[in-house]
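# Secondary and tertiary structure notes
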Amino acid sequence: CLSLQTLASSPSQREKKAFKSTMPHSFGYRGRTRDMFSRPFRQSGLIKLSTFLTTYKVGDYVDIKCNPAQVKGMPFKHYHGRTGVIYNITKRAVGVRVAKQVNGRIINKHLNVRVEHVVPSKCQNEIIERKVQNEDKKKKAKESGVKVNLKRMPKQPKEGFLIPIPEQPETIQPIPFSDLV
């Protein structure tokens, strides 16, 4: 004997059961890091010795790249892929200052990260190269006495040019349609 009340409530109970059968949602410390904290193809296993032999100085720019082969000294997942400046060096780790945006302001976060999770950054390479080139340009300009613009310029449009035509071009027009039947 089914009552109207049980018939009315049965769809919502079915929906609840369907909702409960889905996978649980995890908010853990390393939640959603399946790809982030996995080593590249054919690069798993022991950490290379060059990682430990790299010299770091205070003021160097480094990229934080978590290495899951070493769990100790691993930064929080938010900082994976961020660039920071070294402010402190210890025996096995480095102190990195990273800018983090929180609501409307930017805060400098100080992280102590093991050397395995840090890679020298290439963000300054282009600037350093440009400084060297500018110094050479300055030296040459001083010798020749010509003023040189050292500022970076956006790519300019190509200059216009004329294409020479050997003879007078012939104009071609379509033949008017005529019914031949």
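This text goes with the structure placed above it.
Only a predicted model underlies this, so the values are computations on that prediction, with no experimental measurement involved.

What follows concerns the packing of aromatic side chains. What the rule picks out here adds up to one aromatic pair. When the centroid spacing of 5.0 Å and the interplanar angle of 55° are considered together, the rings of Y29 and F76 count as tilted. Residue Y29 is located in the loop between α1 (4-20) and α2 (49-53), and its partner F76 is located in the loop between β1 (61-64) and β2 (83-89); the two are separated by 47 residues in the primary sequence.

Our next topic: the pairing of strand β3 (residues 93-102). As defined by bridge partners, β2 adjoins β3 across four bridges and the pair is classed as antiparallel. Counterpart to I89 in the pairing with β3 is V94. Hairpin remark: β2 followed by β3, antiparallel, with three residues in the connecting loop. The sheet contact formed by β3 and strand β4 (residues 105-114) spans 10 bridges and is antiparallel. Residue pairing in the sheet places A93 in a bridge with R114 of β4. Adjacent in sequence and paired antiparallel, β3 and β4 are bridged by two residues, among which N103 carries a positive phi angle near 55°.

For S121, the location among the structural elements is in the loop between β5 (118-120) and α3 (125-144). A distance of 3.1 Å separates polar atoms of two side chains, one belonging to S121 and the other to D63. In contact with S121, not counting residues within four places along its chain, are Y61, V62, D63 and T83.

Sheet architecture is open: five strands sit in the order β4-β3-β2-β1-β5, paired in antiparallel fashion. The strands lining the two open edges of the sheet, one partner per strand, are β4 and β5. Taken pair by pair, the neighbouring strands of this sheet meet at an average axis angle of 45°, ignoring direction.

Turning our attention to the pairing of β2. For β1 and β2, the ladder comprises three bridges, and the chain directions are antiparallel. Among the inter-strand pairings, Y61 is bridged to a residue of β2, identified as V85.

Criteria and cut-off values
- Residues numbered from 1 in each chain as written.
- Predicted model: local features only at pLDDT ≥ 70, side-chain atom pairs only at ≥ 80, totals over all residues.
- Heavy atoms only, no water.
- Phe/Tyr/Trp six-rings, centres within 6.5 Å; stacked < 30°, edge-to-face > 60°.
- Helix = DSSP H or I, 4+ residues; strand = E, 2+ residues; numbered from the N terminus.
- Pairing = 2+ DSSP bridges.
- Polar contact = N/O pair within 3.5 Å; in protein donor to acceptor, adjacent residues only side chain to side chain.
- Contact = heavy atoms within 4.5 Å.
- Axes fitted to C-alpha atoms, helices over the stretch in contact; angles between N-to-C directions.

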